[in-house]
Structures are given as structure tokens and as C-alpha cells.
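Remarks on the overall topology
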Amino acid sequence: MTTATLLAQWFPIHKPKGPTFKNTTTRFDRNLEETLDVRRSDKAVFTMHRNEPHPESLDFSTLDFLHLSKSGLIRTAFLQELAANPDFELSAGGSRLLNGNNPYTEAAERQIAEFHNGETALLFHSGFEANVAIMGSVPRPGDAILYDEYIHASTHEGMQISKAIYKKSFKHNDVESFREKLLEIKETEKIIRDGKRSVIVALESMYSMDGDVSPLKELIQVGQEVFPDGNCQFLVDEAHTTGVYGNQGRGYVNQLGLEKDVAIRMHTYGKALACTGAAVVCSNTVRETLVNNARCFIYSTAPSFPMIAAIRGGYKLMQSGETQALQDKIQHVVKHFAQTIESNDTYEEAVDEGILSIPNIEGWESKPFVTHVVPVMTRQRYTLFLCYHLQLAGINCFPIDYPVVPKGFSRIRIVFHAGNTDEEVEALANSICEWAQEMLDLEASGKGAKVPRAARQVHAAQEAAIEAR
Ligand SMILES: Cc1ncc(COP(=O)(O)O)c(C=O)c1O
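Residues numbered from 1 in each chain as written. Predicted model: local features only at pLDDT ≥ 70, side-chain atom pairs only at ≥ 80, totals over all residues.

Notes on the environment of Arg456
Rule in force here: Secondary structure follows DSSP: runs of H or I at least 4 residues long count as helices, runs of E at least 2 residues long count as strands, and numbering of each begins at the N terminus.
With respect to the helices and strands, Arg456 occurs in helix H20 (residues 453-468). Taking C-alpha positions, Arg456 is 42 Å from Ala325, a pair spaced 131 residues apart along the chain.

Rendered as C-alpha cells:
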């Protein structure tokens, strides 16, 4: 997918269609188009780009953090799993509560629970489904849900069907805001204050659009202080940290040594493990609660053999220690990026002038670890300019814009991988600075429109594409 093709798609999909549909489609479709037009006029239409990056483009975008998919390591592990189980039946044959439970699935859940040092585990088709299941079935009437304001859409989805009436957010990663909200619950909710109901706190270990990690230890301390009887418990979504943090990829909770303090961990397999599916690691009580109440677990056909085989293959790679070197490589790659960009002559000036802002790498040398998702910000009106520049330089990255992030907070999300080489990282850092220098020069020139070279090139290609239609 080239920038020109992306743009050629972007403009037409945002053009309202309702008026052109008059009398040509059913009333039903026209009604739907009316709703879509609201999004179109808000320039907020989602579209599925076909994933066909140029073979030579540098991957700073996919969620294949450990490079297991591209390197073929997960494919080999998966094929070994198939070879070890030659008589497998492809489908589960029913819900887990009917015919869909089998020794292979149960062994996978034991493997997952043991690896993460948890009492038990329960598999789901996806992380989205797991979060819906947890939020929809664990909180009881009278319980409260307190969640980080940046929590994933799937947790919001689950909260909509949750029986908890009290659902409030606290400021993103803000321990004091969390304490305030928790004290408010203690004051207003007698049934919780008396210990007859609980507070469920929903967090992510690492937030995918900002690449920052949760101050989990501090939050847990506050939870235990305010509710010493243990009726404030945490759900930690490890979608972005499974395989990437902790001993051999056990996750962020493991890295902080907090396994015993977190009631529910949700690990997903579509990112670092390069498979699909998810597992909830929890106590037997929570598992039984899910099995009895989570409608998407009860009324859904159980995961198929290939899905579980890929996950088990992934766990074998982590258990063998093979992925630890890949985790370490990610740390090296991000630090190399930080070092390279900071030593570029343009960087400091670009930051001072507000052309660049990369909060995640600030102070990286003194941090215990760096994160593999690094948003690069610029003036809001320049975000696409930077994206064009990087894409034309062969760097595969995407702009993240409203409605995924709030208006005014668009950014280029850079994702680092174990497969990125030092040269690739240097190309990225230098390309960002080359663009920043161009913008600094344009701003200093005082000329009217400050449209850099890459953007002019893309606009020309886009006009040509429109004319050719
Ligand atoms: C934080 C978070 N939780 C849950 C999910 C959903 O996981 P899955 O892709 O397995 O449905 C995602 C996926 O993007 C995520 O980023």
C-alpha cells in the first residue's frame, strides 16, 4: 500500500453518499448510509487497507513484536504441534459446556496457568471476547467498576452488559485520581464499604496508543490501603505485554512481581505470539464465575484445534527461552532509536520549536526498560506530512487519528520489533529528523503554505489518481 493509494482511497470514502443513493437502493440501505454519512462528514470513516506493504518497506507498524510471524518461528512451532497430534479433529464440535471440551484444550490451559504462575486459565477466541466475558460476568449488582480512562474498547463493550451500576473512570495512569475515586466509592457505596460487594479495577499493562505502562504497583498499594479486606481487585489486560515483558515473556505483572496481587490477567495471542485467541489467568473461583455467567463463553463453539495448537507452540517457544533473546532485542532496538535520534543535529531544535515530541524516549537511559510502542507527535496539522515523508522513505507506519485517539492528539505510532535492524532504526530516526529540518526551514522562511516535499508529491499523485478515474 503506497501513500498515493492510501490517499486515493481516503478522499472518496469521506464523501457523503446518501444523496447519490436516492431511489437506487432499498430504504434499509439508505437509512444505514445516512448514519455512515455522519462519520464521513466528520472525516472519521474506518476503512480496511489491504495489507500489502512494499516488500522492501521497513516494518514499524505491525504488532508482530517478537517477529515470530515474519521469521516463521511460530509457523515451525505450529507445524510441530500438528505433527505431534496427527489425529487431531479440526473443530471442537460444540460449546465447552457440551461437546467442545477435550484433553488438548485443558492441557493448554494448564500449560498457560503454570507458565504465568496462576491458579488456572480459561481460553477465549480473542482478547476482545475475553474482556467482554470478564466485564459482563464478574461484577455483581452492587459492585463498582473503576477503569483507566484510556481502557480498550473491548472493556467498554463488556461494561455495557455488566451488572455493576457504578462505573467510573479515573485519569489515565494517575494514582492520585485513582485514590480520589476509590475514596468516593468507599464513602458513597455502603455495601462496598461493608465488604459485601467489591471494586473491580480495569487497567492495561501497556497502553497501545501511548506506549506507556501502568503504575500498577502504586495503584495496587492504594487499592489495598483503601480496602484492606481485599474487596478491591484488579483486572490487568496484558495484550501488549504478553511475550514482550517479564521473565521469558510472562508479562508485565510478572515483571513487577505482582502475580499474587492481581486477581485477573488477560493475555492475548494475536500480537507478540503471532497467533489468535486469549486466555484469562485467574483463580478457580473467577474461572467458575466465567464458565457459569459469560454468555460469549457459554453460547459459542469452543476454540478449534489449530488455534490452540498455535498458542501451545507459542508457549513452547517462550518456555524454551527462545523468545527471551527477542525480548532483549526489542529493548536494544528502541534504545538504539532513542540514542540515534537524540544525537541527530536537528532533533533538539525540532523539539524546542514544537515540531517534534517523542515523550516515551525522554530519559530513556535511566529507565529500567523502554516500551516498544513509541508515538511521534508534531503540530496537529503536520501529522500527515510526517507520515507521507516516512512512507515515501519506505517506512511502514500509520497515523493514528480521531476517533481512535481524542481530537487534537493525532500521532504517528511507531512500533518496534525484534526483527528491526540497527540500520533500519537509523533510517527511521534520520528520516524523522530530515523531515523536521525541512519543516524548520519552511517555518523560518516565513513563506505562506508550509507544505513539505513529500506532501506535495503525494498530493500530485492523488490528483493524478483522481484524474485517471
Ligand atoms: C489492550 C487490548 N485489549 C484487548 C484487545 C483485543 O484483543 P484481540 O485482538 O485478541 O481481540 C486489544 C487488541 O487490539 C488490545 O489492544
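As for the packing of helix H7 (residues 127-137) against helix H8 (residues 153-161)
Note the cut-off: Between N-to-C directions, angles span 0 to 180 degrees; the directions come from axes that are lines fitted to C-alpha atoms, helices contributing only their stretch in contact. Here is the rule for handedness: rotate from the far helix to the near one, and if that takes an anticlockwise turn smaller than a right angle the crossing is left-handed, while a clockwise turn gives right-handed. This entry defines residue contacts through backbone-placed C-beta atoms, with two residues in contact when those atoms are within 7 Å.
The interhelical angle for the contact between H7 and H8, taken along N-to-C directions, is 35°, at an axis separation of 7 Å. For H7 against H8, the interelement crossing comes out right-handed. For the pair H7 and H8, contact is made by Gly127, Phe128, Asn131, Val132, Ile134, Met135 and Gly136 and by Ser154, Thr155, Glu157, Gly158, Met159 and Ile161, respectively.

Overview of the domain arrangement of the protein chain
Note the following rule: Domain segmentation is taken from an automatic or database assignment of domains.
As far as domains go, the protein chain holds domain 1 (53-69 + 326-468) and domain 2 (88-319). Relative to domain 2, the C-alpha centre of domain 1 lies at a distance of 32 Å. Listed as interface residues are 18 residues of domain 1 and, on the opposing side, 15 residues of domain 2. Contributions of two or more residues to the side of domain 1 that touches domain 2 are made by helix H4 (68-71), helix H16 (324-342) and strand E9 (373-376). Per-element accounting of the side of domain 1 that touches domain 2 gives the leading share, three residues, to E9.

Considering the nonpolar core
Inclusion rule: Note on terminology: a nonpolar core is a set of buried residues of type Ala, Val, Leu, Ile, Met, Phe, Trp, Tyr or Cys, with members joined through C-beta atoms within 7 Å. Whether a residue is buried, exposed or partly exposed follows from its count of other C-beta atoms within 10 Å of its own C-beta, namely 20 or more, 12 or fewer, or something in between, respectively; the C-beta atoms are built from the backbone.
Within the largest apolar cluster, 121 residues are counted, with the highest numbers of intra-cluster contacts made by Val201, Leu235 and Val280. Domain assignment of the residues forming this core places at least three in each of domain 1 (53-69 + 326-468) and domain 2 (88-319). With near-sequence residues (within four places) excluded, Val280 lies in contact with Ala121, Leu122, Phe124, Ala130, Ile134, Ile264, Met266 and Leu290.

Quick notes on the environment of Glu34
Along the polypeptide, Glu34 turns up in helix H3 (residues 27-41). Residue class for Glu34 comes out partly exposed when judged on the 13 C-beta atoms lying within 10 Å of it. Sequence separation between Glu34 and Phe21 is 13 residues, and the spatial gap between their C-alpha atoms is 10.0 Å.

As for the pairing of strand E8 (residues 278-282)
Operational definition: A pair of strands is treated as paired once DSSP finds two or more bridges between them.
Burial analysis of E8 places five of its five residues in the buried class, the great majority of the element. The two faces of E8 match: Ala278, Val280 and Cys282 on one face and Ala279 and Val281 on the other face are all buried. Of the strand pairs in this sheet, strand E7 (residues 264-268) and E8 are connected by four bridges, and their pairing is antiparallel. Bridged to Thr268 within E8 is Ala278.

Examining the site of the ligand
Heads up, the condition is: Put plainly, near means the residue's C-beta atom, positioned from the backbone, lies within 6 Å of the molecule or strand in question. Polar here means any residue outside two lists: the nonpolar Ala, Val, Leu, Ile, Met, Phe, Trp, Tyr, Cys and Pro, and the charged Asp, Glu, Lys and Arg; Gly therefore counts as polar.
Near the ligand you find 13 residues, and of these Ser126, Gly127, Phe128, His152 and Ala239 are the closest. A per-element tally of the shell around the ligand places H7 first, with three residues. A per-class count over the shell around the ligand returns three nonpolar, eight polar and two charged.

What about the UniProt feature "domain: Aminotransferase class I/classII large" (unreviewed entry) in the protein chain?
Test applied: UniProt positions are given in the numbering used here, feature names are shortened, and annotations may be inferred rather than shown by experiment.
This chain's UniProt record puts "domain: Aminotransferase class I/classII large" (unreviewed entry) on residues 83-432. Annotated as 41% helix and 15% strand, the span residues 83-432 places its first and last C-alpha atoms 46 Å apart.

Side note on the sheet that holds strand E12 (residues 411-415)
If you trace the three strands from one edge of the open sheet to the other, you get E9-E12-E11, paired in antiparallel fashion. Either end of the sheet is taken by a strand with one partner, and the two such strands are E9 and strand E11 (398-400). This sheet shows a mean twist of 40° between the axes of neighbouring strands, independent of strand direction. The pairing of E11 with E12 spans three bridges and is classified as antiparallel. The residue bridging Pro399 from the neighbouring strand is Ile412, located in E12.

Brief notes about helix H9 (residues 175-188)
Short version of the rule: A helix is expected to reach a length of 1.5 Å times the quantity of its residues less one.
In this model H9 runs 20 Å from its N-terminal to its C-terminal C-alpha over 14 residues, within 8% of the 20 Å that 1.5 Å per residue would give. On its buried face, H9 is in contact with strand E3 (144-148), strand E4 (166-170), helix H10 (190-193), strand E5 (199-204), helix H11 (216-226) and strand E6 (232-237).

Overview of the sheet that holds strand E2 (residues 120-124)
Here seven strands make up an open sheet; going across it, the order is E2-E8-E7-E6-E5-E3-E4 and the pairing mixed. For this open sheet the edge positions go to E2 and E4, each flanked by a neighbour on one side alone. Between one strand and the next, the sheet's axes are offset by a mean angle of 20°, whatever the strand orientation. Each of E5 and E6 touches H11; the most contacted strand, E6, lies at about 160° to it.

A word on the pairing of E4
Heads up, the condition is: By convention a crossover is right-handed if, when the strands point away from the viewer, the path from the first strand over the helix to the second runs clockwise.
Sheet topology places E3 next to E4; five bridges connect them, and they run parallel. Opposite Ala144, over in E4, you have Tyr166 as the bridge partner. What joins E3 to E4 is H8, and the crossover it makes is right-handed.

Notes on unusual backbone geometry
Following Tyr402, the chain continues into Pro403 via a peptide bond in cis, with omega recorded as 10°. Relative to the helices and strands, Pro403 resides in the loop between E11 and E12. If you check the backbone angles, His67 has positive phi at about 65° while not being a glycine. By the element assignment, His67 lies in the loop between strand E1 (58-59) and H4. By the C-beta count within 10 Å, which is 22 here, His67 ends up buried. One non-glycine residue, Asn117, lies in the positive phi region at around 55°. By the secondary structure assignment, Asn117 is in the loop between helix H6 (103-115) and E2. For Asn117, a count of 15 C-beta atoms within 10 Å puts it in the partly exposed group.

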